[in-house]
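Chain by chain, the residues:
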Amino acid sequence: MRLSILCPHFAPDPAPTGEVIARIVTELAGLGHELHVVSALPWYLHHAVEPAWRGRLVRRERTEWGSITRVHPFPSDKTSIAWRTASFAAFSTVAGLAALPGGRMDGVLAMSPPLPLGLVGWTTAVVHRSPFVFNVQDIFPDVAVQLGKLTQPGLVWAARRVERVTYHRAAAITVLSEDLRANVAAKVRPSHRDAVRVIPNFVDTDFIRPLDRNTAYRRELEIRPDQTVVLYAGNVGFSQSLELVVAAARHLRQRHDVVFVINGGGSGLAALRASIDGMTNVRFAPYQAKDRLGEVLASGDIHVVPLRAGLASSSVPSKTYSTLAAGRPLLVAIDEGTEVARVVAQAGCGRAVPPDDPAAFIEALVGLLDDPAERCNMGRRGRVWVERWVSPVAVARAYEALFSELTTAAGGRSLHRPGPGGLPIRHFGR
């Protein structure tokens, strides 16, 4: 098959979704398929195009499996919805134009966010006369509305309109969890609901493995071997309720055997630093190079995933599976009954507490701190779970099967819409 893939990030950009798409492309290429990727110049780390990639708005390169076209991401002020909307629209438009050449494709995959890239993906699919698959990583505008970042009624209406139109133009919509599937299915016509599929993001279980906890990274942060590290690794933004970590650090500031580490960056980092108020049991570290990811994850004895109330049906934290691959236990503060909470319960790999509840978070954390043997058992169980359900090969084969099915089902019908009766839903990790 010849496939066109439109995505906002692609390796070497260190964004989690960039690594996901890069590995899926590698696996699909290994299965004999030709891939043509259109993405942004690397910009995630500092929210600006990396110095080595500046000077050209578009860069193209041939690969042994197809091609990569990188276009300017037009990064904007994260705090301004208007500027971010314009930025997303500009990037999506240029990416769409870059995806048009190349002749007939057997399928087009577009990733959201940014939401406008969905309409561009559909247009590209029409030009190439191929099925369009819309991959939804986070559901917009739901996340922005729930966080209070998108409040203007006109913009909310316009975003929901774009979302609904894109869903109905897609031959299939892939989401990361059953929660996201229910969210999207409720927004489309009943006849289109079978087009919503669950295909989770994978975790590279070869690259991320259980390692010894006494790493060079811990030594760089001046953490003693006898200290227990409570680690948050990832984006420091508006979706994460990291004030729970601050509350726990404040509550445990007299326990000199516990250190809290915030590894990452984002729009909420400055405010988070200010809230620490001189506490010496909290360390901050920037994003590390990709080749140190396994080491960083191994450095944490307990990993925390705090997501604000109401967001679990719109977003699945990508760090969840990576933590389990590293053989470390999770403490998640997340809506009850949602995907990550179910994984923690089914795999027996940690503890789940309600979101935005400092007392429950601290109580669960203290329980984990005081039971190192059970933490080790949780880590082992989590590793077994990811090896079984979310390997790169399994996810790539799911996309291969999906496009093969769509191409077959489209015979004699419009290629950018599902046929009568829709398409069966596949369930993963159940």
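Residues numbered from 1 in each chain as written. Predicted model: local features only at pLDDT ≥ 70, side-chain atom pairs only at ≥ 80, totals over all residues. Heavy atoms only, no water.

## Notes on unusual backbone geometry
The residue after Ala11, namely Pro12, is reached through a cis peptide bond having omega 15 degrees. Looking at the element boundaries, Pro12 is found in the loop between strand E1 (2-6) and helix H1 (16-30). The residue after Phe140, namely Pro141, is reached through a cis peptide bond having omega 15 degrees. Looking at the secondary structure, you find Pro141 in the loop between strand E6 (132-136) and helix H4 (142-146). Here Arg129, not a glycine, exhibits a phi torsion of approximately 55 degrees, which is positive. Inspection of the secondary structure puts Arg129 in the loop between helix H3 (116-128) and E6. Non-glycine residue Asp277 carries a positive phi angle of around 55 degrees. (Helix = DSSP H or I, 4+ residues; strand = E, 2+ residues; numbered from the N terminus.)

## Overview of the layout of surface pockets
In this structure, the second largest pocket encloses a volume near 270 Å³. As for the second largest pocket, its lining consists of 14 residues, and the residues nearest its centre are Gly327, Arg328, Pro329, Arg375 and Cys376. By residue class, the composition of the lining of the second largest pocket is 6 nonpolar, 2 polar and 6 charged. (1 Å grid on protein atoms, 1.4 Å probe; cavity = no way out; pocket = protein on both sides within 12 Å on 5 of 7 lines; lining within 4 Å. Points joined across faces, edges and corners; volume = space filled by probe spheres on them. Nonpolar A, V, L, I, M, F, W, Y, C, P; charged D, E, K, R; others polar.)

## Observations concerning the confidence of the model for the chain
Per-chain confidence: the chain averages 89 in pLDDT, with 93% of residues scoring 70 or above. Mean pLDDT across the elements of the chain ranges from a minimum in H4, with 82, to a maximum in helix H13 (residues 358-369), with 98. When the criterion is pLDDT under 50, residues 412-430 qualifies, and its contacts beyond four places in sequence or with other chains add up to 52 contacts. (pLDDT = per-residue confidence, 0-100. Contact = heavy atoms within 4.5 Å.)

## Some details on the nonpolar core
Membership of the largest hydrophobic core comes to 55 residues, with the highest contact counts inside it found for Leu6, Tyr167, Ile173, Val175, Trp385 and Val386. Here this core gets 5 residues from one element, more than from any other, and that element is helix H12 (residues 339-347). Sequence-distant contacts of Val175, that is, excluding residues within four places in its chain, are made with Val136, Leu180, Arg181, Val184, Val196, Arg197, Val198, Ile199 and Pro200. Grouped together as the second largest cluster of nonpolar side chains are 32 residues, Val230, Ala248, Phe284 and Ala360 included. (Core = buried A, V, L, I, M, F, W, Y, C linked by side-chain atoms within 4.5 Å. Buried < 20%, exposed > 50% of the residue type's maximum accessible area, 1.4 Å probe, protein only.)

## Some thoughts on helix H6 (residues 178-185)
Helical periodicity: at 3.6 residues per turn, an α-helix aligns residues three or four positions apart in one direction. Burial runs high along H6: 7 of the 8 residues are buried. Considered for burial, the residues of H6 that qualify are Glu178, Asp179, Leu180, Arg181, Asn183, Val184 and Ala185. Buried residues along H6 sit against E6, H4, helix H5 (153-169), strand E7 (172-175), strand E8 (196-198) and H12.

## Description of helix H8 (residues 243-251)
Of all the positions in H8, only Leu244, Val245, Val246, Ala248 and Ala249 are classed as buried. For H8, the secondary structure elements touched by its buried residues are strand E10 (258-263), helix H9 (269-276), strand E11 (282-285), strand E12 (302-306), strand E13 (330-333) and H13.

## Some words on the side chain of Gln240
With respect to the helices and strands, Gln240 occurs in the loop between strand E9 (228-233) and H8. For Gln240, a relative accessible area of 11% translates into the label buried. When residues no more than four places from it in sequence are discounted, the contact partners of Gln240 are Tyr232, Asn235, Pro306 and Arg308.

## A short note on the pairing of strand E14 (residues 350-353)
In this structure, E13 lies alongside E14, joined through 4 bridges in parallel fashion. Within E14, the residue paired with Leu330 across the bridge is Gly350. Each parallel crossover has a hand, and the one from E13 via H12 to E14 is right-handed. (Pairing = 2+ DSSP bridges. Right-handed = clockwise from strand over helix to strand, strands pointing away.)

## Notes on the sheet that holds E7
The strand order E3-E4-E2-E1-E5-E6-E7-E8 describes an open sheet built from 8 strands, whose pairing is mixed. At either end of the open sheet lies a strand with only one pairing partner, and these are strand E3 (58-63) and E8. Taking the axes of each pair of neighbouring strands and ignoring which way they run, one obtains an average angle of 20 degrees across the sheet. Relative to E8, E7 runs parallel, the two sharing 3 bridges. From the neighbouring strand, Thr174 faces E8, where its bridge partner is Arg197. In the packing of H3 onto the sheet, the strands contacted are E1, strand E5 (107-112) and E6, and the crossing angle to E5 comes to about 175 degrees. (Axes fitted to C-alpha atoms, helices over the stretch in contact; angles between N-to-C directions.)

## A look at the packing of aromatic side chains
Scanning the model with the defined rule gives 4 aromatic pairs in all. For the ring pair Phe132 and Phe134, a centre distance of 6.0 Å and an interplane angle of 35 degrees mean the geometry is tilted. Among the residues examined, Phe134 registers a relative accessible area of 1% and is labelled buried. Geometrically, the ring pair formed by Tyr321 and Trp385 is tilted, given 5.7 Å between the ring centres and 35 degrees between the ring planes. Of this pair, Tyr321 sits in helix H11 (residues 319-325) while Trp385 sits in helix H14 (residues 372-389), and the two are 64 residues apart along the sequence. Within the aromatic cluster, the residues linked to one another by ring pairs are Phe132, Phe134 and Tyr167. Against the face of Trp122 rests Arg169, its NZ or CZ located 5.4 Å from the ring centre. When the ring centre of Phe207 is taken as reference, the NZ or CZ atom of Lys290 above it lies at 6.0 Å. (Phe/Tyr/Trp six-rings, centres within 6.5 Å; stacked < 30°, edge-to-face > 60°. Lys NZ or Arg CZ within 6 Å of the ring centre and 35° of its normal.)

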